[in-house]
Amino acid sequence: MLARLIVASIALSIPAVAGAQQPVAADTAGVRAVIASMFDAMRAGDTATMRAAFMPGVSLLSVNSRQDPTTINATSIDDFLASVGRTKEQNPQLVLDERIGRVLIAIDDDLASAWTEYEFWAGDRFSHCGANSFTLVKTQEGWRIFQLADSRRTEGCAAGQS
């Protein structure tokens, strides 16, 4: 049996663990939708809609390889949302824009993983790029994020190559 790994809009077959289920197109769309909704809400400064994308107790982690040794920094969902809210209050015209590139999605039953490349812009100023690794669970309300880890760098970014 094969699971499906979705790369942008191209599906690739990969070997799967015995018993893995085929993802349903609606599930793949649902995973994409919750991620898009969260970033759309961030652009709007809508922290209530952002919070709705996450499970209570979500784990937010950032991998910092700019230091030696590499560190992992944890942020609470409350601190993350407060930061977005403060930024919007201080500068209502500033758009925090996480632009998603290539997306990889894998789903088995009610568990999903999504890997996205991204560039982060604060208004018209490029800030950094990296990758997001989302782990999601399907609830009665739909797909929700229960872990988000990201990398952040300023080198090797397409936007920084001007």
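Whatever comes next refers back to the structure up there.
Numbering of residues begins from 1 in every chain and follows the order in which that chain's sequence is written. In keeping with the predicted nature of the model, local features appear solely for residues at pLDDT of at least 70, side-chain atom pairs appear and are counted solely at 80 or more, and the whole-chain, interface and lining totals rest on all residues. Where side-chain values are given, they derive from all heavy atoms of the structure, hydrogens and water being excluded.

K.L.:
What am I meant to see in the pattern of salt bridges here?
P.N.:
Working definition: two side chains of opposite charge can pair if their charged atoms are close together. The working definition used for a salt bridge is a side-chain nitrogen of Lys or Arg within 4 Å of a carboxyl oxygen of Asp or Glu. Counting across every chain of the model gives seven salt bridges. The residue aspartate 97 makes a salt bridge to arginine 43 at a minimum N-O spacing of 3.0 Å. On the criterion of sequence distance, the pair formed by aspartate 97 in strand 5 (residues 96-108) and arginine 43 in helix 1 (residues 25-44) is long-range, its members being 54 residues apart. Arginine 51 is the partner of aspartate 78 in a salt bridge, and the nearest nitrogen-oxygen pair spans 2.9 Å. Taken together, the residues span a long stretch of sequence, with aspartate 78 in helix 3 (residues 77-90) and arginine 51 in helix 2 (residues 47-52) at a distance of 27 residues. By definition, any uninterrupted DSSP run of H or I lasting at least four residues is a helix, any uninterrupted run of E lasting at least two residues is a strand, and each is numbered from the N terminus.

K.L.:
What should I look at first to understand the nonpolar core in this one?
P.N.:
One broad rule of soluble globular proteins: the nonpolar side chains tend to lie buried together. Among buried residues, the Ala, Val, Leu, Ile, Met, Phe, Trp, Tyr and Cys ones that are joined through side-chain atoms within 4.5 Å form a nonpolar core. Only protein chains enter the accessibility calculation, which uses a 1.4 Å probe; a residue whose area is less than 20% of its type maximum is buried, one above 50% is exposed, and one in between is partly exposed. Residues Val31, Phe54, Phe134, Leu136 and Ile145 are the most contacted members of the largest nonpolar core, which totals 29 residues. Of all elements in the fold, only helix 1, strand 3 (54-64), helix 3, strand 5, strand 6 (111-122), strand 7 (125-139) and strand 8 (142-151) reach the threshold of two or more residues within this core. Examining the composition of this core, we find that seven residues originate from one element, helix 1, more than from any other. By definition in these notes, contact holds between two residues if any of their heavy atoms fall within 4.5 Å. Valine 31 has contacts with Ile105, Ile107, Ala112, Ala114, Leu136 and Trp143, leaving out every residue within four places of it along the chain.

K.L.:
Please clarify how unusual backbone geometry should be interpreted in this entry.
P.N.:
Negative phi characterises most residues that are not glycine, and trans characterises most peptide bonds. Positioned with a positive phi, aspartate 109 is a non-glycine residue whose angle comes to about 60°. Position of aspartate 109 among the secondary structure elements: in the loop between strand 5 and strand 6.

K.L.:
Just checking my understanding: could you explain the packing of aromatic side chains for this structure?
P.N.:
Here the aromatic set is Phe, Tyr and Trp, taking the six-membered ring for Trp, and pairing holds for ring centres within 6.5 Å; pairs whose planes are under 30 degrees apart are stacked, those over 60 apart are edge-to-face, and all others are tilted. On inspection of all chains with the given rule, the structure shows two aromatic pairs. With a centroid separation of 6.3 Å and 75° between ring planes, the pair formed by phenylalanine 39 and phenylalanine 134 is classed as edge-to-face. Taken together, the residues span a long stretch of sequence, with phenylalanine 39 in helix 1 and phenylalanine 134 in strand 7 at a distance of 95 residues. On the basis of relative accessible area, phenylalanine 39 is assigned to the buried category, the value being 4%. Considering the side-chain rings of tryptophan 121 and phenylalanine 126, the 5.5 Å spacing of their centres and the 70° angle between planes classify their relative orientation as edge-to-face. An identical accessibility class is assigned to tryptophan 121 and phenylalanine 126; each is buried.

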